[in-house]
Structure formats: structure tokens, C-alpha cells
Protein chains: 2
Amino acid sequence: MKKTDGMTQEELDARHAEKMKKKKAAREKILATKTEEKGLIIVHTGKGKGKSTAAFGMAFRSIGHGHKIAVIQFVKGAWDSGEKRMLEKFPEQVTIKAMGEGFTWETQDRNKDIANARAAWDAAKEAILDPENRFVLLDELNIVLRYDYLPIEEIVEFLSEEKPDDTHVVITGRNAKDELIEIADLVTEMTLIKHPFRSGIKAQEGIEY
Amino acid sequence: MKKTDGMTQEELDARHAEKMKKKKAAREKILATKTEEKGLIIVHTGKGKGKSTAAFGMAFRSIGHGHKIAVIQFVKGAWDSGEKRMLEKFPEQVTIKAMGEGFTWETQDRNKDIANARAAWDAAKEAILDPENRFVLLDELNIVLRYDYLPIEEIVEFLSEEKPDDTHVVITGRNAKDELIEIADLVTEMTLIKHPFRSGIKAQEGIEY
């Protein structure tokens, strides 16, 4: 992570100009060749099912390709034990950080929730900056952002400026913030059309968790 | 698969009535207890990404729970090599049937395509009827149905009447037919909000395949 503390306005402007110049060059290159590979910022949002599941599907796919990956859990209890067990089968490729203690509606302690969110975000930054990781899943980060437990500006700035070029970052959760959608390369909204809970069927192993 | 050949109309009607009676009883039970577990018919459709990926995520989750599963590929080439490699790591739990030869826009031979679709559907029925399988993924079946390579009535009848009660069947692909949505328990539409191909970034390992 680059430090911005102590930089003059001029230095900050120069840095921004350099970034933009690089961005422009990158975009021109993309337009010219259409063969650019780059690490994407991907968002899965919406009220439907499949947001985390599709992200885990991508994680497993990445494992299948032999990549190293990291998964950061921003809301405890949101996870499926089947997914966890699968990830744990690949200890040499997978880093799992299950942060938080089950929060908001469970802890009912805003300060504790904010401290948990901060700890999870610190782990996320570390995972993203680790050049070994090709894929980092920030599961349910949108929930934390929605409650303003972390400032969206900080997340957006980090992802835009500090994320290594060849690392994919996938962010899941309902109500993705506009600022995040703005910087994302790929955004998919999962829309619920029909749901069995409406007919009273309980959550079940392998489907819901 | 139960045989309907040689049954009189009276027998068919009686069978239908019995089915409906069972269905009604099951629904009443569900409404009464709200704790029913049953094998779901799940559809992932829409133009967005994540339809197959979320289905594979569910498959891997099911593997994590120790279940046996089957995956039937209705369109060759639609698959990610990472997913395939991951599935192949669990040969005792996973049956893979990669059917078809890459069709419609590749074979340009309608009769061949129909024969391939039929063979894949036969494999699908066998996998669904196998009581060992808890989860069966019919990947890109919607594409085949859209081109009317298989009669939708036959698929709907089989899934409604022959699918074992505790087997989950997940069907993916754009343009899911209304008749399928009708009988499904859970339908999610993946909607594209932003896509990197628009900015000319090529498909890349771990993300697109």
C-alpha cells in the first residue's frame, strides 16, 4: 500500500495524472488489441440467490487452474459448511479468513461490528496485495458497506489504486453501493423470480448452506 | 423411469390422480410444518454471468457435504477447464457426462444436434433416477430446449413425475422456457449490469473459463 500521508497537493496531482495517463494508455491498448488480460473487480449483487455461490464457483474454478486464492468472510454465519469443507481440501492454494462474530442483528453492538469490519478489511487488503493470490473473494463486503461500518471512499480508492493488475477481486452482497459499481469491471445482479421458502420449504444442506 | 407405453387412458388418469393426491398432501404438509425437505428443481437463467458458475458452486458445495452428484453437459465447449479439473478431483462422488460435439453454430447439422441432445437427455434421466445422486446439474439444457431439439413437454413431465423426491436438479442457460419456470421451485435470473468485454478485455482463465 502506498502512503499518501505527507504528500503535497502537487505530488498528489502528479500521481493522479500519472495514474490517468497509464489508465488511458491501458484503455487504448485494450481498444487496439482486444486481447488485454487484467485482474477484474467483479460485483455480485441483487436480492436473488447465487451471489456468493457463483463467487465460490469462480474460486473453485481458479483452484482448478492451480491458482492461489483467498477468501475473506465479512459476515460470520453467511457461509455454507460444504463450501468451507471444499476450500479446506486445498490448504496449499487457499487462505481463508473468517472474520466477524456474526454481527448487526446478532451482536447488536455497533462499535464491535465496526471493529470487526475493520479487521476483515485489513485482512482483505493484505490478501489482495499478496502477489501470490490471483483471486480474492470479499464475501458479503456489501453488507458492511451498506451499514457504513467502513467508508466506501477508502474501499474504492484501495481497489482502484492499490490492487495488483493481475488479481481478480470479487465482492458479494445485496445493495452494492453506486461508487463500487462505478469502478467495477463486471457487475451481475441476481434477481429472484421464484423462491421455495415462500412455499414453506426450509433451508437445506447443499442448496442453502 | 416408469413406462407409460401400453397403459390405458383409465390407468394413466388413475396414476395422475394418485400423483396429484400425493402432491396435494405434500403441499399441505409443507404449509403445516414449514420444515419439509425436498429435492428442488432450480433454474438459473438470464443474460448475465454466473448461471453455470453458481450451479457449479452448488455442485462443489454438495461434494463438500459428501454427496454424490452428476453433471450433464448439453453444449460442448460451454465448460471451463478449471471446473472440469476440480470435478475430476472427486471421482468417487462425481459423474460427468460431456455430451454433444459443440453444436448449433458449429456443427450446422440439425439432425446431428437433435441426436446429441437426445443422448444427453437420456444420460440426464439416468443420472436423476440413480438414487445415489443427491444433485444433478443439467448444464445449458435451456439452450437445447430453446431450439426445440427436445420437446419441453417431455422434460417437464419427467421432472414433475419421475424425479426422486430428495434429488436436486439444477438447469442452466438463457431463455428458460415458461413451462420449465412453471414447475421450478427456485428460479434466479442473472442480469448483466456491466461487462468487461464491452471494453475489449478478452476472456481469461479463472474468470470466464
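If you check an unreviewed UniProt entry, chain A appears there as Corrinoid adenosyltransferase from Cohaesibacter marisflavi. Within the UniProt record for chain A, the comment given under Sequence similarities (unreviewed entry) is "Belongs to the Cob(I)alamin adenosyltransferase family."

Draft legend 1. Spatial organisation of the pairing of strand β4 (residues 133–139) of chain A. Residue and element names in this part refer to chain A. Judged by how many residues are buried, β4 sits mostly within the fold: 6 of 7 residues are covered. Bridge count for strand β2 (residues 68–73) against β4 is 6 bridges, and the pairing is parallel. In the strand pairing of β4, A70 is matched with V136. Two strands pair when backbone bridges link them, and β4 and strand β5 (residues 168–172) are joined in this way by 4 bridges, in the parallel orientation. Paired with V136 across the two strands is V169, which belongs to β5.

Draft legend 2. A look at the sheet that holds strand β2 (residues 68–73) of chain B. The mixed open sheet is built from 12 strands, whose spatial order is β3(A)-β2(A)-β4(A)-β5(A)-β1(A)-β6(A)-β6(B)-β1(B)-β5(B)-β4(B)-β2(B)-β3(B). Two strands in the sheet have a free side with no partner beyond their single neighbour: β3 (94–98) of chain A together with β3 (94–98) of chain B. Ignoring which end each strand starts from, the neighbouring axes of this sheet average 15° apart. With 4 bridges joining them, strand β1 (residues 41–45) of chain B and strand β6 (residues 186–194) of chain B adopt parallel strand pairing. Residue H44 of chain B lies in a different strand from β6 of chain B, and its bridge partner there is T188 of chain B. Sheet contacts for helix α2 (residues 51–64) of chain A: β1 (41–45), β2, β3, β4, β5 and β6 (186–194) of chain A; angle to β4 of chain A, the most-contacted strand, approximately 165°.

Draft legend 3. Structural context of unusual backbone geometry. One non-glycine residue, N175 of chain A, lies in positive phi territory at about 55°. Note on placement: N175 of chain A falls in the loop between β5 and α7 (178–183). With a phi angle near 60°, D148 of chain B is a residue other than glycine that sits in the positive phi range. Here D148 of chain B is to be found in the loop between α5 (141–146) and α6 (152–161). Residue classification places D148 of chain B among the partly exposed residues on the basis of a relative accessible area of 48%.

Draft legend 4. Focus on the packing of aromatic side chains. The final tally for this structure, using the stated rule, is 8 aromatic pairs over all chains. Here the aromatic rings of W121 of chain B and F158 of chain B are separated by 5.4 Å at their centres, their planes lie at 80°, and the arrangement is edge-to-face. Pair noted here: W121 of chain B is in helix α4 (residues 110–129) and F158 of chain B is in helix α6, with a separation of 37 residues, a long-range link. Accessibility expressed as a relative area gives 0% for W121 of chain B, which makes it buried. Three or more aromatic residues link up through ring pairs in this structure, and these residues are F56 and F60 of chain A together with F56 and F60 of chain B. The ring of Y147 of chain A is capped by R146 of chain A, whose NZ or CZ atom sits 5.8 Å from the centre of that ring.

Draft legend 5. Fine view of helix α2 (residues 51–64) of chain B. End to end, α2 of chain B covers 20 Å across 14 residues, agreeing with the expected 20 Å (1.5 Å per residue, within 8%). Looking at the residues trailing α2 of chain B, positive phi occurs at G66 of chain B, about 90°.

Definitions and cut-offs
- Per-chain numbering applies: the sequence of each chain, read as written, is numbered from 1 onward.
- Working convention: letters from A go to chains and numbers from 1 go to ligands, in the order in which they are written.
- Only residues with pLDDT of at least 70 are given local features in this predicted model, and only at 80 or more are side-chain atom pairs given and counted; all residues enter the totals for whole chains, interfaces and linings.
- The basis for the side-chain values is all heavy atoms of the structure; hydrogens and waters are excluded.
- UniProt positions are given in the numbering used here, feature names are shortened, and annotations may be inferred rather than shown by experiment.
- The cut-offs for exposure are 20% and 50% of the maximum accessible area for each residue type, with area from a 1.4 Å probe on protein chains only; residues under the lower value are buried, those over the upper are exposed, and the others partly exposed.
- What counts as a helix is a DSSP run of H or I of at least four residues, what counts as a strand is a run of E of at least two, and both are numbered from the N terminus.
- By definition, two strands form a pair when at least two bridges between them are found by DSSP.
- Only the contacting stretch of a helix is used when fitting its axis, a line to C-alpha atoms as for every element, and angles between N-to-C directions run 0 to 180 degrees.
- The contact criterion used throughout is that any non-hydrogen atoms of two residues lie within 4.5 Å.
- Pairing of aromatic side chains requires ring centres within 6.5 Å, counting the rings of Phe and Tyr and the six-membered ring of Trp. Pairs whose planes differ by under 30 degrees are stacked, by over 60 edge-to-face, and all others tilted.
- The rule is short: NZ of Lys or CZ of Arg within 6 Å of the ring centre and within 35 degrees of the ring normal puts a charge over the ring.
- To estimate how far a helix should reach, multiply one less than its number of residues by 1.5 Å.

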